[in-house]
Amino acid sequence: MRVAGMVDEASYDHVLTSEYAVLLAEEFNCNPVVNDEAAFDLYPPPPCVGAARLPLRPPVVTIMGHVDHGKTTLLDTLRSASVAKGEAGGITQHIGAFSVPIPSSAGGNLQKITFLDTPGHAAFSAMRARGADVTDIVVLVVAADDGVRPQTKEVIQLVQRDAGVQLIVAINKIDKPGININNVHNALLVEGVQLEVMGGDVPSVEISGLTGQGLDQLMETISAVAEMQDLRADQFGQAYGRIIESNLQKGLGPVSTILVLRGSLKSGVHLIAGTAHAKVRIMTDSTGSPVRTAGPGTAVTVSGWKELPGVGDEVLEGSEQDVKKAVANRQRKAKEQAMMIDVDAINIQRRLDREQRVREEDDHREVALKAEKTQELRLVIKADVSGSVEALTSALQCIGNENARVKIIFTGVGEITESDILLAKTSGSVLIAFSVPVPRSSAVAAGAHGIPIYSSKIIYQVIEDVRQRVANLLPPIY
Ligand code: GDP
């Protein structure tokens, strides 16, 4: 949209200032009346003005994984690394996030990494649901002695849906005797996570959250991934962030933890979050030390709120007058909305919610039934050259219908090895050897595990064979 006198172009979801709205109305020969006082609000600064010239900011990392796989232990060990050795007091407090310095030996340009202190995907999803996309990197903890479990799969699905988040796998509890890390690699591959060690692009680190083994490497991997993400933010402008925790504290009143995302937060400034506002009094970090300024990617507790702000709320800085006007406007809107919701409306909402729940349950049941009904022919494909791999993959992956279909678990170049056979066994796959030899030892191992190997040099024969195997999976028609 372009209006005479406007320099910038505005997209369809751009909030117009009153000046722009006036120009627009005048363009259509209308005579607008502006009531600036009543409709005043504060909005976030644009995120990427001259982004390439801005300094790097610390990445924000969330630790997720199956219950008992060691998330809390890992966070505890990392948290103790956030306190400089010998520092007076040296005790960390749970404020919702803490920052760990990156050892200078790691080389990169980043100085610290910020970890959100609440493990598990409930917290991650709750923040996402409020539009608070604060996590840059998810570290998926998988216990080496337990492998991929239901919550591991849920995290993988969450991250796969979210293009803005990078995944790092931390294979934990490697101090335990008798573990088999290859099994974990294979199980992750079956879930679609191709680790770098398997030729894919997801970094993995072997650690023990308990003994601290491998944690330096974990920090280095996080910082390398963050540098690739090129996370930059203005360090000087007005503060902008999100509330990540909020509670009442004796003697301090409402206290919140703010994760600063842009600009710098200083004591004495005026803030708004939802309908709550504050003049920042005391700021402290996760070690309880007073902080004068907090830059992007750091979390600080802030006292001085007049009421308790909500977790996930956007925090904006403004002049005292602007914050007061915005608060009055938001409170008026909230009151109007509350007045509109009378008992009838609550009942209607309840009925709608109930109907929605029933619909969702039906949908879930239908999807689950469909998934149960769909038969899969899983394939591990090895071929002589990458061109053959690509040709086979594109020809085979579209075979099937909603009742039976092909799922390609792994592709690679070279002869059939014992690890291919292990992978086929774990994933219940058929092995395809296209123009590659099957060494005797592999053939024997495949026979011992009952893994079918289909070996051919002719692509259409392979396609035909796979088509036949998929057809055999279909339920008989009487
Ligand atoms: P969470 O549920 O994922 O937060 O898991 P916890 O951190 O509570 O750990 C579950 C159990 O595994 C506890 O008994 C921990 O002591 C143990 N644990 C965690 N990390 C390790 C590790 O690296 N090695 C060993 N041997 N045990 C660990």
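These remarks concern the structure in this document. These numbers were taken from a predicted model, which means no experiment stands behind them.

**Quick look at the pairing of strand 18 (residues 430-434)**
Here is step 1 of the chain: Within strand 18, 5 of the 5 residues are buried, which leaves it mostly tucked inside the rest of the structure.
Here is step 2 of the chain: Residues Val430, Ile432 and Phe434 line one face of strand 18 and the alternating positions Leu431 and Ala433 line the opposite face, and both faces are buried.
Here is step 3 of the chain: Bridging between strand 16 (residues 375-383) and strand 18 involves 5 bridges; their strand directions are parallel. Directly across from Val380, in strand 18, lies its bridge partner Leu431.
Here is step 4 of the chain: When strand 18 meets strand 19 (residues 453-456), the two strands line up parallel, connected through 4 bridges. Pairing of Ala433 across the sheet is with Ser455, part of strand 19.
Here is step 5 of the chain: Regarding topology, helix 12 (residues 440-449) serves as the crossover connection from strand 18 to the parallel strand 19, and that connection is right-handed.

**Comments concerning the pattern of salt bridges**
Here is step 1 of the chain: In total, this model carries 15 salt bridges according to the counting rule given.
Here is step 2 of the chain: Across the salt bridge formed by Asp117 and Arg79, the nearest N and O atoms sit 2.6 Å from each other. Within this pair, whereas Asp117 is found in the loop between strand 3 (112-116) and helix 4 (121-129), its partner Arg79 is found in helix 3 (residues 71-81), the two being separated by 38 residues in sequence.
Here is step 3 of the chain: You can call Asp117 buried: its relative accessible area is 3%.
Here is step 4 of the chain: What makes Arg79 buried here is its relative accessible area of 14%.
Here is step 5 of the chain: Glu464 is the partner of Arg467 in a salt bridge, and the nearest nitrogen-oxygen pair spans 3.4 Å.

**Here we look at the sheet that holds strand 1 (residues 60-65)**
In a beta sheet, neighbouring strands pair by backbone hydrogen bonds and run either parallel or antiparallel.
Here is step 1 of the chain: In space, the 6 strands of this open sheet follow the order 2-3-1-4-5-6, with mixed pairing throughout. Two strands close off the open sheet at either side, each with one partner strand: strand 2 (97-101) and strand 6 (204-206). Across this sheet, the average inter-strand angle for adjacent strands is 30°, counted without regard to direction.
Here is step 2 of the chain: As judged from the 3 bridges shared by strand 5 (residues 166-172) and strand 6, these two strands associate in the parallel manner. Of the residues in strand 6, the one forming a bridge with Val169 is Ser204.
Here is step 3 of the chain: Running over the sheet, helix 7 (residues 215-229) touches strand 1, strand 2, strand 3, strand 4 (137-143), strand 5 and strand 6 and is turned about 170° from strand 5.

Criteria and thresholds
Residues numbered from 1 in each chain as written. Predicted model: local features only at pLDDT ≥ 70, side-chain atom pairs only at ≥ 80, totals over all residues. Heavy atoms only, no water. Buried < 20%, exposed > 50% of the residue type's maximum accessible area, 1.4 Å probe, protein only. Helix = DSSP H or I, 4+ residues; strand = E, 2+ residues; numbered from the N terminus. Pairing = 2+ DSSP bridges. Right-handed = clockwise from strand over helix to strand, strands pointing away. Salt bridge = Lys/Arg side-chain N within 4 Å of Asp/Glu carboxyl O. Axes fitted to C-alpha atoms, helices over the stretch in contact; angles between N-to-C directions. Contact = heavy atoms within 4.5 Å.

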